[in-house]
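Residue-level structural notes
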Amino acid sequence: MTEERRFPDFEQKWQKVWAENRKPAAGEPGRKTDRDFYILSMFPYPSGRLHFGHALPYTLTDSIARYKRMCGCNVLNPMGWDAFGLPAENAAVEAVRRGEKNVHPARTTYESIEAMRKQMHAFGYSFDWDREVYTCKPDYYRWTQWLFLKMYEKGIAYRKKARVNWCPDCKTTLANEQVETHVKDGEEFQACFRCGTPVEPREIDAWFLAITRYADRLLRGLDELQSTWPELVTSQQRNWIGRSEGVNIDFTIELRAGASGSGPLKPPGENDPNTQREKLTVFTTRADTTFGVTYVAIAPEHPLVDRILKLVDARTHRRIAEFVKETLSMTEQDRASGDEKEGVATGMFAVNPLSGEKVPVFVANYVLMYGTGAVMAVPAHDERDHEFAREYRLPMKQVIKPAPGSDEKADIKQEAYTAQGVLVDSGPYTGLTSAEAIARIGADLAARGAGGPVVNYKLRDWGISRQRYWGCPIPIIHCPACGVVPVPEKDLPVALPDDVDFLPTGRSPLTDHPAFRSVKCPGCGADARRDTDTMDTFVDSSWYFLRYTDARNDKAIFDPHKAARWSPVNLYVGGREHAILHLIYARFFNMFVHDLGLTAHNEPFARLYAHGLIQGESRRVVTDEMDRYVTEDELKKLLDSGKVEPGQVVRRIEKMSKSKLNGADPTALVRQFGADAVRLTILFLGPAEADSVWDDDGIKGPYNFLRRWHDLVLSSAPLVEDLPPMAPGAAINAAAKKLRHAAHSLIEKAVGEFEGRFALNTVIAKAMELVNEIRAFIAAENLAGPCKGDNDPTVPSRRALAEAFDILARCMAPFAPHTAEECFHALGGKVSVFDAGWPKADPAALVLDEIELPVQVNGKVRGTIKLPSSADKAAMEKLALENENVKRFVEGKAIQKLIVVPGKIINVVAR
RNA sequence: GCGGAGGUGGCGGAACGGCAGACGCGCUGGACUUAGGAUCCAGUGGGGAAACCCGUGCGGGUUCAAAUCCCGCCCUCCGCACCA
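Presented here is an overview of the structure given in this document. (Residues numbered from 1 in each chain as written. Chains lettered and ligands numbered in written order. Predicted model: local features only at pLDDT ≥ 70, side-chain atom pairs only at ≥ 80, totals over all residues. Heavy atoms only, no water.)

**Notes on the overall build of chain A**
In terms of regular secondary structure, chain A is built from 27 helices and 33 strands. Along the first, second and third principal axes, the C-alpha atoms of chain A reach 120 × 85 × 70 Å. When each of the 911 residues of chain A is scored for burial, the buried share is 52%. Intrachain contacts of chain A at a sequence separation of at least 6 include 73% that bridge at least 24 residues. Accessible surface for chain A amounts to roughly 40900 Å². Of this, 50% is attributable to carbon and sulfur atoms. (Helix = DSSP H or I, 4+ residues; strand = E, 2+ residues; numbered from the N terminus. Buried < 20%, exposed > 50% of the residue type's maximum accessible area, 1.4 Å probe, protein only. Contact = heavy atoms within 4.5 Å. Areas by Shrake-Rupley, 256 points an atom, 1.4 Å probe, with all protein chains shown as cover.)

The structure is reproduced here in structure tokens:
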């Protein structure tokens, strides 16, 4: 779309005026009221370029924030930068490798921030820049470190050697949440969420945050959010936390020297002098199947494996050791996605505490270090055990049969019967239902001290150590004498040094910075070393919403009274990709801060709005010579030249990305069409929670609308200048009433959406209708030239027109702030449209004098009738039955029923 | 397999028990123009000359009335997935 006119040319003018007159949110300490509104969009990583992934949420929140301010609310709508992180470091690494000088992640980061802030200004976003935070600045990360120390104090932050996911490309570890399942050539593998490289397991000393201690609270908190957070997010979090209720059962394992896993599995005789008895606890959700146990399987990581290895014969030792080594060379997730269930018999036996039976113990790859890392295997009633038992020809024993009256069949030779039912062959529990048996067995075991009911979670503790440079240093000192020593609070922040060789080696870059690394132990004064890992950047972003409430505080993380003024965030807007990661971490941090007594709320975000993705159409050309993505222009050339047939082009809707050449640049569009047109287009695309596809032509509608509105204002301004008051008793005509109706319904519609589900596309549509109405009205009323004084008969119409323009400008101000301001002033506005306040709908204007009603005969519309909106039922019925077409369809039939829904419809039921 | 979202004109989408397709794009015709890829006006779900008929993934049901509610399927997208 080309455009010769320079429209609009007033956006920068208003941006300047607003910048000078901006009133910041009043964040003084005090109690939060209904008029205080904290709206927040997830802060961006400073990539240097504002894309649609930013423009959509920021446009949405800016519109809502502007609306709320016009309603008289005290609105907090801050912006900041999630500024630590690998992309900047990786870019710097690349630049160094290219031979560039003066390269530093800090530099790229700050340059990116400058560029993006400029782009945000061009959009007219009204953020509270005086509260801007950068997670990479010491005045911010000082408090990230402070939180870490508090967590250390409370035992939430702890250090352990653990098998972690390692990304060989990023050369750092990843949290469980940061590992994704990818598929390539039909093979599933676990990959880094950032770069897609397959991850490897690594044994490493690392810091963990005990988020699992909050598992139950995180889960229960979701109930509170049920109606204000998308189901999509709460259900994913529930799933991720993965609470399961079950029973721990203590088997007794008989550890026997010289045991062999080869040959037939025969339990040792009684009173074997070489036997040590030990507890082997298994976790099960199906305690009702305990009499069906035919073997016990333990995870390769299980602590007993080492004990067993020391006892078994040489051959068994070799087999187990090899098997464990091989299994552990895979990540846990890769092991899970492998289709073969494998295991090795240990030659040891375990005693079932309920049945007294002795069953063999296996090490098996399908058993995870979850629960107790050991399971009782019931092939008859568990698919996995069934598969394993079939593979290794282990016995199966049915102990559950379908409940009486159920038409299910249980053929355990074919497949496991996993449904609940009634117990058989289960000693004293025979005849009980599964549910009864689970409860009874749990209670009995607890009474005997051999286990009992427990709750397990899938959620794991959060590993936060990262072996990279551009992150928040961990405020810990390792002293040869004192061990792990926290940095004293007064020494915070532990500053990240600038002069670091950050080329990745697999070792933390800070390790090779002697001045940083060497330190005296704060406890004993001995030579010690700092922890040289940095924190996962998700730590930085887990509490920034609290810092905004008191962003310039250099004495404390924030003033609890100021936080109380704003917390919780009324509306948090962000992408669905954060459904688990950021949103569970942030909830966890908020709960922790709450426990420190610093905030009143358990949950940080009262309402969550998950916006969709703006995608682009990609064009991929696949021929014998090439297989790659092309731009639209390039494609056109290829097609015109005949080098490519239309059949060789694959068009797909995909997430916008550089490599797919399907991204549109919102800032370029702002330059071409103006910020308001782009803002409107983004919101007009559809409801913001849905994914949508960007099409450059889509800007035409909103752009034309803005231009037509503005043109109309300029050409009509004389019509509504200096209007005298309405003469007493003067009435407005039907057309003017219709216009008022359109204008006041726009107010109603906008309020409904801003206070409801944010389907702002329908508000914009309504505004477009109003512009169309205004145009039609001016034409129909023959209004021309200025008003001719008090006795001009067109005064009522002119007043209605002026009112419509006024309402239009004020209702559109949140969406298209520049155009609204310009139009408002062109029509004589003396203050900013944003100070004019939100218009109030006149209930009288919302009622039409005359309405049209459809009349149905047997559910099909056969005519419409016009009648005064005040008409009573009897009048409606009369008119309906007098309608010629209705008569035609009723003729010869008896009217059985007459349904009259006032204001909606009339249905004549005739047979 | 489990969980979530969705399926409406040529397209984006409205309507969440009451005239299906608001609004916009595109398209068709017209006006103005040296010109139109600008602007304005009119039309635009399909079929039919019309009266009308048919239409919201498919099949049932409830109702005077169903895109909307209920039951049973199909398809698409997203997330999780050996968690015992």
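Alright, that's what it looks like, and here's the rest.
**Brief notes about the pairing of strand S8 (residues 244–256)**
Taken residue by residue, a regular strand's side chains alternate between the two faces of the sheet. With eleven of 13 residues buried, S8 lies mostly within the body of the structure. Pairing between S8 and strand S16 (residues 451–456): six bridges, direction antiparallel. Paired with Val247 across the strands is Pro453, a residue of S16. Alignment of S8 against strand S9 (residues 275–284), held across ten bridges, turns out to be antiparallel. Looking across to S9, one finds that Asn248 is bridged to Phe283. (Pairing = 2+ DSSP bridges.)

**Concerning the nonpolar core**
Ranked by internal contacts, the top residues of the largest apolar core, which has 185 residues, are Trp462, Phe588, Trp709, Ile774 and Leu801. In this structure, Ile253, Val282, Ala380 and Ala437 belong to the second largest nonpolar core, which totals 44 residues. (Core = buried A, V, L, I, M, F, W, Y, C linked by side-chain atoms within 4.5 Å.)

**Here's the deal with the packing of helix H7 (residues 231–241) against helix H17 (residues 581–595)**
In the contact formed by H7 and H17, the axes pass within 10 Å of each other and the chain directions differ by 75 degrees. As the angle between them shows, H7 and H17 are arranged roughly perpendicular. Where H7 abuts H17, its residues Val233, Gln237, Trp240 and Ile241 lie against Leu583, Ile584 and Arg587. (Axes fitted to C-alpha atoms, helices over the stretch in contact; angles between N-to-C directions. Parallel < 35°, antiparallel > 145°, perpendicular 65-115°, else oblique.)

**Things to note about the protein's contact with RNA strand B**
Contacts to RNA strand B come from 55 residues, most closely from Thr284, Thr285, Lys341, Leu368 and Arg384. The sugar-phosphate share of atoms of RNA strand B within 4 Å of the protein amounts to 66%. Contacts to RNA strand B include Tyr366, whose backbone N or O atom sits 2.9 Å from a base nitrogen. Between RNA strand B and the protein, one listed contact pairs a phosphate oxygen with a side-chain N or O atom of Arg862 at 3.1 Å. The element that contributes the greatest number of residues to the surface near RNA strand B is helix H23 (residues 760–781), accounting for seven residues. Residue composition of the surface near RNA strand B, grouped by class: 19 nonpolar, 16 polar and 20 charged. (Near = heavy atom within 4 Å. Polar contact = N/O pair within 3.5 Å; in protein donor to acceptor, adjacent residues only side chain to side chain. Nonpolar A, V, L, I, M, F, W, Y, C, P; charged D, E, K, R; others polar.)

**Considerations on the packing of helix H22 (residues 734–754) against helix H24 (residues 795–812)**
In contact at an axis separation of 9 Å, H22 and H24 are set at 15 degrees when each is read in the N-to-C sense. It follows that H22 is roughly parallel to H24 by the angle criterion. Our pair here, H22 against H24, has a crossing hand that is left-handed. Side by side, H22 and H24 meet where Ala736, Leu739, Arg740, Ala743, His744, Leu746 and Ile747 of the first sit next to Ser797, Ala800, Leu801, Glu803, Ala804, Ile807, Leu808 and Cys811 of the second. (Left-handed = near helix turned anticlockwise from the far one by under 90°.)

**With respect to the pattern of salt bridges**
All told, the structure shown has 50 salt bridges when counted by the stated rule. A salt bridge links Asp223 to Arg238; the shortest N-O distance between them is 3.0 Å. Separated by 15 residues along the polypeptide, Asp223 in helix H6 (residues 215–224) and Arg238 in helix H7 bring together distant segments of the chain. Judged by its relative accessible area of 26%, Arg238 is partly exposed. Among the ionic pairs, Glu882 bridges to Lys878, the shortest N-O distance being 3.2 Å. On the criterion of helical spacing, the pair formed by Glu882 and Lys878 is a turn pair, its members being four residues apart in helix H26 (residues 873–882). Its relative accessible area of 38% is what places Glu882 among the partly exposed residues. (Salt bridge = Lys/Arg side-chain N within 4 Å of Asp/Glu carboxyl O.)

**With respect to the packing of aromatic side chains**
Any pair of aromatic rings gets described here by the distance separating the centres and the angle formed by the planes. This model, assessed by the stated rule, comprises 45 aromatic pairs. Summarising the aromatic geometry, the rings of Tyr140 and Trp543 are spaced 4.4 Å apart at their centres and angled 15 degrees between planes, so their arrangement reads as stacked. Placement of the pair is Tyr140 in helix H5 (residues 138–153) and Trp543 in the loop between helix H14 (537–540) and helix H15 (544–547), with a sequence separation of 403 residues. An identical accessibility class is assigned to Tyr140 and Trp543; each is buried. On the basis of an interplanar angle of 25 degrees and a centroid distance of 5.9 Å, the ring pair of Tyr158 and Phe208 is categorised as stacked. Of the two residues, Tyr158 sits in strand S3 (residues 157–167) while Phe208 sits in strand S7 (residues 200–209), which places them 50 residues apart along the sequence. The ring of Tyr366 has Lys341 sitting right over it, with the charged end atom 5.8 Å from the ring centre. (Phe/Tyr/Trp six-rings, centres within 6.5 Å; stacked < 30°, edge-to-face > 60°. Lys NZ or Arg CZ within 6 Å of the ring centre and 35° of its normal.)

**Remarks on the side chain of Asn553**
With respect to the helices and strands, Asn553 occurs in the loop between H15 and helix H16 (560–566). Among the polar contacts made by the side chain of Asn553, one reaches the main-chain amide nitrogen of Lys555 at a distance of 2.8 Å. Apart from the residues within four sequence positions on either side, Asn553 is in contact with Trp143, Arg547, Phe558 and Asp559.

**Thoughts on empty space enclosed by the protein**
This model, assessed by the stated rule, comprises four cavities of 30 Å³ or more. Volume-wise, the largest cavity comes out at about 110 Å³. Along the wall of the largest cavity there are 13 residues; nearest its centre are Leu86, Arg194, Arg466, Met535 and Thr537. Breaking the lining of the largest cavity down by element, the ones donating at least two residues are helix H3 (86–97) and strand S23 (534–535). Across the lining of the largest cavity, the residue classes break down as three nonpolar, five polar and five charged. (1 Å grid on protein atoms, 1.4 Å probe; cavity = no way out; pocket = protein on both sides within 12 Å on 5 of 7 lines; lining within 4 Å. Points joined across faces, edges and corners; volume = space filled by probe spheres on them.)

**Topic: the side chain of Thr681**
Relative to the helices and strands, Thr681 is located in helix H20 (residues 675–684). For Thr681, the residues in contact, after removing those within four places along its chain, are Trp694, Gly698, Ile699 and Pro702.

**Some points on the state of the cysteines**
This model, assessed by the stated rule, comprises zero disulfides. Unpaired in terms of disulfides, Cys195 finds its nearest cysteine sulfur in Cys167, a separation of 3.5 Å. (Disulfide = S-S within 2.5 Å.)

**What to know about a negative patch on the surface**
Judged by side-chain charge, Glu322, Glu326, Glu340, Glu342 and Glu391 come together as a negatively charged surface patch. Assignment of secondary structure puts Glu322 in helix H9 (residues 314–328). Glu322 gets classed as exposed once you look at its relative accessible area, which sits at 54%. (Patch = residues over 30% accessible without salt bridge, like charges linked within 9 Å, V, L, I, M, F, W, Y side chains within 5 Å. Lys, Arg positive; Asp, Glu negative; His and termini not counted. Charge placed at Lys NZ, Arg CZ, Asp CG, Glu CD.)

**Quick word on the sheet that holds strand S4 (residues 172–174)**
Spatial ordering of the open sheet is given by S4-S3-S7-S17, a layout of four strands whose pairing is antiparallel. What marks the edges here is a single partner per strand, and that holds for S4 and strand S17 (462–463). Pairing of S3 with S4, which is carried by three bridges, proceeds in the antiparallel orientation. In the strand pairing of S4, Trp166 is matched with Thr173.

**Re the sheet that holds strand S19 (residues 476–479)**
Spatially, the four strands line up as an open sheet ordered S20-S19-S22-S21, and their pairing is antiparallel. Taken across any chain shown, the strands that pair with only one partner, and hence form the sheet edges, are strand S20 (483–486) and strand S21 (518–520). Sheet twist, expressed as the mean angle between neighbouring strand axes with direction ignored, is 40 degrees. The sheet contact formed by S19 and S20 spans four bridges and is antiparallel. Within S20, the residue paired with Ile477 across the bridge is Val485.

Function cannot be inferred from these measures alone, as they are strictly geometric.
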